[in-house]
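Architecture and fold: a report
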Amino acid sequence: MTQSPATGTGSEGPAVEDPLRVMIVDDSSVVRGLLTRLLEQQPDVRVVSSVSDGQMAVNALRRYDVDVVILDIEMPRMDGLTALPMLLEARPDVQVIVASTLTEKNAEIAIKALDSGAADCLTKPTSVHGLGTMEAFSRQLVDKVIALGYAHREHPRPAISGPPPRRIAPSPDYRPSARPADRQYRPCLLYTSPSPRD
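Residues numbered from 1 in each chain as written. Predicted model: local features only at pLDDT ≥ 70, side-chain atom pairs only at ≥ 80, totals over all residues. Heavy atoms only, no water.

**So, the packing of helix α2 (residues 54-61) against helix α3 (residues 80-90)**
Note the following rule: The axes used here are C-alpha line fits, helices contributing only the stretch in contact, and every angle between their N-to-C directions lies in the interval 0 to 180 degrees. Under the DSSP-based scheme used, a helix requires at least four consecutive residues in state H or I and a strand at least two consecutive residues in state E, with every element numbered from the N terminus. Roughly parallel covers angles under 35 degrees, roughly antiparallel covers those over 145, roughly perpendicular covers 65 to 115, and oblique covers all other angles. Here, residues are in contact when the closest pair of their heavy atoms is within 4.5 Å. Three categories are distinguished: nonpolar for Ala, Val, Leu, Ile, Met, Phe, Trp, Tyr, Cys and Pro, charged for Asp, Glu, Lys and Arg, and polar for the others, with Gly belonging to the last.
Where α2 contacts α3, the axes come no closer than 9 Å and their chain directions differ by 5°. Put simply, α2 runs roughly parallel to α3. Within the contact between the two elements, α2 uses Gly54, Ala57, Val58 and Leu61 and α3 uses Ala83, Met86, Leu87 and Ala90. Here the contact of α2 with α3 is composed, by residue class, of seven nonpolar, one polar and no charged.

**Some words on the confidence of the model for the chain**
Here is the rule: The predictor's confidence in any single residue is recorded as pLDDT, a number from 0 to 100.
Mean pLDDT over the chain: 77, with 65% of residues reaching 70 or higher. By mean pLDDT, strand β1 (residues 3-4) is the weakest element of the chain at 54, and strand β2 (residues 20-25) is the strongest at 98. Per-residue pLDDT stays below 50 along residues 6-13; that stretch engages in 23 contacts with residues further than four places along the chain or on separate chains. For residues 164-198, every residue scores under 50 in pLDDT, and the model assigns this stretch 90 contacts once sequence neighbours within four places are set aside.

**Let's talk about the pattern of salt bridges**
Just so we agree on the cut-off: We define a salt bridge as a contact between a side-chain nitrogen of Lys or Arg and a carboxyl oxygen of Asp or Glu at a distance within 4 Å. Only protein chains enter the calculation, and the probe is 1.4 Å; a residue is then buried if its accessible area is under 20% of its type maximum, exposed if over 50%, and partly exposed in between.
This structure, assessed with the given rule, holds ten salt bridges. Ionic pairing is found between aspartate 67 and arginine 21, a salt bridge with its closest N-O pair at 3.9 Å. Remark: arginine 21 occurs in strand β2 and aspartate 67 occurs in the loop between α2 and β4 (68-71); sequence separation between them is 46 residues. The class of arginine 21 is buried, set by a relative accessible area of 17%. Between lysine 144 and aspartate 120 there is a salt bridge; the shortest N-O distance is 2.9 Å. With lysine 144 in helix α5 (residues 131-153) and aspartate 120 in strand β6 (residues 120-123), the pair connects residues that are 24 residues apart, well separated along the chain. The exposure class assigned to lysine 144 is buried, which follows from its relative accessible area of 13%.

In C-alpha cells form, the structure reads like this:
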C-alpha cells in the first residue's frame, strides 16, 4: 500500500464531528500502519492519507485537507527534506512533524528541517532502542500531533477523554532510505538512545 484515504475515526472512545486530519509519509508500510493505529486510538484524530514518498505527499496534500503531516526523511524518489518546502508551498499553514531515525551524528538534518519550516521533529525508534524509548516516542508523537493540530485550527482541544497511546514495536524491516519568514520557530526535541559502538 502506497497511499490510503481516510480510514475512519478513532478506534476507541466517542467519535468527534471534526477530528484532526493527519497525513503519514513514510516508505515503510509497516511503520505507516503502526502510526495509523497509534494515532487513531485518539477519538479526535483521523489519518486521512498515508503515502510512501515525498512526491506522493505533495500530490496528496493538494487533494486532502490536512492539519498535521508526519514526515520521514529518507525515502525513495523524493526524500523528506526535498518535499518539505513543497508541502509548505502547497499548504503554508500545515504543521509538519519530522519523524526519522535521527542520531546525534546527523542532528544537523533536524536543524535543516526546522530551517525549512518543520514545526517539530522526533527521533523514530529502531530495533536497537528499548521499550522505554518506544513508549516515549508514542506519547510524544500523539501529544505533538494534538498540540500542533489544534494550534493550526486556532482553538483548544475539546473536552474529550481518549485512551493513552499503546506502545508500538519497531518495524523489523525498517531501514532509513527557504523557511518562510512568517513561520514561528518551535523547539526540536531529539530523543535518542545510545547505539551500540561498532
